[in-house]
Amino acid sequence: MKIKRLEIAGFKSFADKVVLDFQQGVTGVVGPNGCGKSNIVDAIRWCMGEQSAKNLRGKAMEDVIFLGSENRKPLGMAEVSLVFSTEDGRAPAKYLEFIEIQLTRRLYRDGESEYLINKTPCRLLDISELFMDTGVGTKAYSIIEQGKIGQILHSRPEERRLLIEEAAGVTKYKTRKQLALKK
Ligand code: ATP
Ligand code: MG
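Treat the numbers as computed from the prediction; the structure is a model and nothing was measured.

Trainee: Before we move on, could you go through the overall build of the protein and cite the residues and values that matter?
Mentor: Helix and strand counts for the protein come out as 5 helices and 6 strands. Moving toward the C terminus, one meets the helices and strands of the protein in the order β-β-α-β-β-β-β-α-α-α-α. At 17 Å, the protein has a C-alpha radius of gyration in line with the 16 Å of a compact globule built from 183 residues. The dimensions of the protein, computed from C-alpha atoms along their principal axes, are 50 × 40 × 40 Å. Counting across all 183 residues of the protein, residues that qualify as buried make up 21%.

This is the structure:
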């Protein structure tokens, strides 16, 4: 599953809608300090279901909504869409009939939020399931931020095991077993 496109609107420093098309190969984002490079990674993480405001470098989830600037009023909603191509055949079976999978997350200032897969409202659980065992999800290893390598090296064996289970593709079954045992 490869990221094809990212659309950001009203999220952090991106007041107006910005569309980033990812081409083949490696993409680098360059720019002066504070121009919004890390906000792009935050947008990807957030759209994939990140629940911790701290992991998005904020205090409360509302902090992701554009808070206004000298000459612009704050906005009432943040929306990020992430489009994956399914061409490599590695998406979950039920999505393989689609050429691409579009995830959308919206958050309004009153706290109301929405998740959509291919424009259809869904649960956060559906988003998490989509990424389980792909190594992509918010807790997986596809985003290696500053300090993460050190954190992995110093983690307890049980914590490190979770990363290996994700790479081996057993996370989904473990989660389903835990859910079934709860019922
Ligand atoms: P560096 O090179 O220092 O890592 P960067 O390009 O990664 O910088 P970011 O951290 O992505 O920069 O962006 C920081 C900017 O985003 C700051 O100017 C901050 O004011 C702005 N910002 C963060 N949250 C919001 C928000 N909710 N509304 C408006 N602007 C915001
Ligand atoms: Mg940065």
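This is not the end of the story, as more comes after the structure.
Trainee: Break down the pairing of strand S3 (residues 77-85) for me, citing the residues and quoting the values.
Mentor: Burial of S3 is extensive: 7 of the 9 residues sit out of reach of the surface. Where strand S1 (residues 2-9) lies against S3, 7 bridges are found, and the strand directions are antiparallel. Paired with isoleucine 3 across the two strands is phenylalanine 84, which belongs to S3. Pairing of S3 with strand S4 (residues 100-108) involves 9 bridges; the strand directions are antiparallel. In the strand pairing of S4, valine 80 is matched with arginine 105.

Trainee: Pulling in residues and values, what's your account of the site of ligand 1?
Mentor: Contacts to ligand 1 come from 14 residues, most closely from Ser13, Asn33, Lys37, Ser38 and Asn39. Here the residues of the shell around ligand 1 sort into 4 nonpolar, 7 polar and 3 charged.

Trainee: If you had to explain the UniProt feature "binding site: ATP" (unreviewed entry) in the protein to someone new, which residues and values would you point to?
Mentor: As recorded in UniProt, the feature "binding site: ATP" (unreviewed entry) lies at Pro32, Asn33, Gly34, Cys35, Gly36, Lys37, Ser38 and Asn39. A tally of 5 C-beta atoms within 10 Å means that asparagine 33 is categorised as exposed. With respect to the helices and strands, glycine 34 occurs in the loop between strand S2 (18-21) and helix H1 (37-47). The exposure class assigned to glycine 34 is exposed, which follows from the 9 C-beta atoms found within 10 Å.

Definitions and limits used
- Residues numbered from 1 in each chain as written.
- Chains lettered and ligands numbered in written order.
- Predicted model: local features only at pLDDT ≥ 70, side-chain atom pairs only at ≥ 80, totals over all residues.
- Helix = DSSP H or I, 4+ residues; strand = E, 2+ residues; numbered from the N terminus.
- Rg over C-alpha atoms; globule rule 2.2 N^0.38 Å.
- Buried ≥ 20, exposed ≤ 12 C-beta atoms within 10 Å, placed from the backbone.
- Pairing = 2+ DSSP bridges.
- Near = placed C-beta within 6 Å.
- Nonpolar A, V, L, I, M, F, W, Y, C, P; charged D, E, K, R; others polar.
- UniProt positions renumbered as here; feature names shortened; annotations may be inferred.

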